[in-house]
Amino acid sequence: MGILDGKKGIIFGVANDKSIAWAIAKALSAEGMELAFTYAGEAFESRVKPLAETLGAKMVLPCDVTKDDQIAAVFEKIKNEWGALDGLVHSLAFAKKEELKGEFLNTSRDGFALALDVSAFSLVALAKGAAPLMEANGGSIITLTYYGSEKVVANYNVMGVAKAALETSAKYLAADLGPKNIRVNAISAGPVKTLAAMGITGFKAILDVVEAKAPLKRNVSLDDVAKTALYLMSGLSSGVTGEVIHVDAGFSIVGI
Ligand code: NAD
Ligand code: IMJ
């Protein structure tokens, strides 16, 4: 018996077995949720399919979130196969590499638009696709954000602006979808070593600062993040929407 028995969910953002989305998928599956997965571009298909199969997933669909036709095809397929949807996990972000170093002042118009499109507008587009399938029974939509939306973090640059837009988008979506009992929440995760954190200048130093300064005196694990996602997906969080929950060992509460 799992707390998500009989529920159906779709996971956006698995790149490999280190992805936050994958940790969340394992936690949801362990509590009985049936899952579908999407991947961004053919390069990831061969990585995501074998992982998805280990959880018994039957649907593994392409979805580059900058493409309206691919988003539409995903929800058409879900509608035909399942008829309804209980959960959606949005765990994706992208900015051009050159935007994630040096000064934010140098952000290009193109780079700004792309980062905001992939990392923030995509939540709006996916919520719009999912909502009609969640209307009958309610649902839970979860996104992943980072502290760089609240405070200046070196090199995070346009991603910080995109995450601020993402968090506020989650709140406006929560207001629109609340009357249908569709909840929308964000998890603000502390730094974890995933593909999206690879090659980030000073990443190790950031992990060390968190360990020294955070109340829990440690960094967070993928499992810490996944357990909060499980709570947000389940009825345990039935009264929670429009919230940004920090899973950061307490780092963000500390001033001096
Ligand atoms: P990851 O690299 O495993 O996941 C990022 C995902 O984004 C990948 O699966 C990638 O395919 C997907 N993606 C990029 N462009 C896309 C597009 N156009 N269409 C569809 N998908 C696209 O890294 P992760 O750390 O698991 O990142 C997941 C989420 O967690 C991101 O939103 C990230 O900002 C957030 N986050 C990460 C950290 C961290 O330290 N790793 C901390 C807080 C929040
Ligand atoms: C990313 C850049 C700069 C500083 C950073 C990060 N810190 C952390 C991250 C301190 C924790 C990871 N993070 C929270 C992200 O949201 C990463 C997003 C990201 C990463 C890349 C790397 C490869 C690439 N584009 C990217 N776009 C978004 O080409």
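This text gives an overview of the structure that appears in the document.

Parameters and conventions
Residues numbered from 1 in each chain as written. Chains lettered and ligands numbered in written order. Predicted model: local features only at pLDDT ≥ 70, side-chain atom pairs only at ≥ 80, totals over all residues. Heavy atoms only, no water. Helix = DSSP H or I, 4+ residues; strand = E, 2+ residues; numbered from the N terminus. Rg over C-alpha atoms; globule rule 2.2 N^0.38 Å. Buried < 20%, exposed > 50% of the residue type's maximum accessible area, 1.4 Å probe, protein only. Contact = heavy atoms within 4.5 Å. Areas by Shrake-Rupley, 256 points an atom, 1.4 Å probe, with all protein chains shown as cover. Lys, Arg positive; Asp, Glu negative; His and termini not counted. Charge placed at Lys NZ, Arg CZ, Asp CG, Glu CD. Bend = angle between axes of the 7 residues up to and from the residue.

## Considerations on the overall build of the protein chain
Summing up its helical and strand segments, the protein chain has seven helices and seven strands in all. Ordered by position in the sequence, the α and β elements of the protein chain form the string β-α-β-α-β-α-β-α-β-α-β-α-α-β. For the protein chain, the C-alpha radius of gyration of 17 Å lies close to 18 Å, the compact-globule estimate for 256 residues. In terms of overall dimensions, the protein chain has C-alpha extents of about 50 × 40 × 35 Å along its principal axes. Evaluated residue by residue, the protein chain yields a buried proportion of 50% over its 256 residues. Relative to all contacts within the protein chain whose residues are 6 or more apart in sequence, the contacts with residues 24 or more apart total 74%. For the protein chain, the computed accessible surface area is about 12,300 Å², with 56% contributed by carbon and sulfur atoms. Where the 26 positive side-chain charges of the protein chain centre and where its 28 negative ones centre are 3 Å apart.

## Here's the deal with helix α2 (residues 42-54)
Structurally, the α-helix is built with 3.6 residues per turn, so residues lying three or four positions apart point the same way. Its axis deflected by about 30° at V48, α2 carries its strongest bend there, up to four residues before the proline P50. Of the positions making up α2, those classed as buried are V48, L51 and A52. Contacts from the buried residues of α2 go to α1 (20-30), β2 (34-39) and β3 (60-62). Where α2 ends, the next residue or the one after it, G56, has phi of about 75°, a positive value.

Don't take any of this as a statement about function, it's just geometry.
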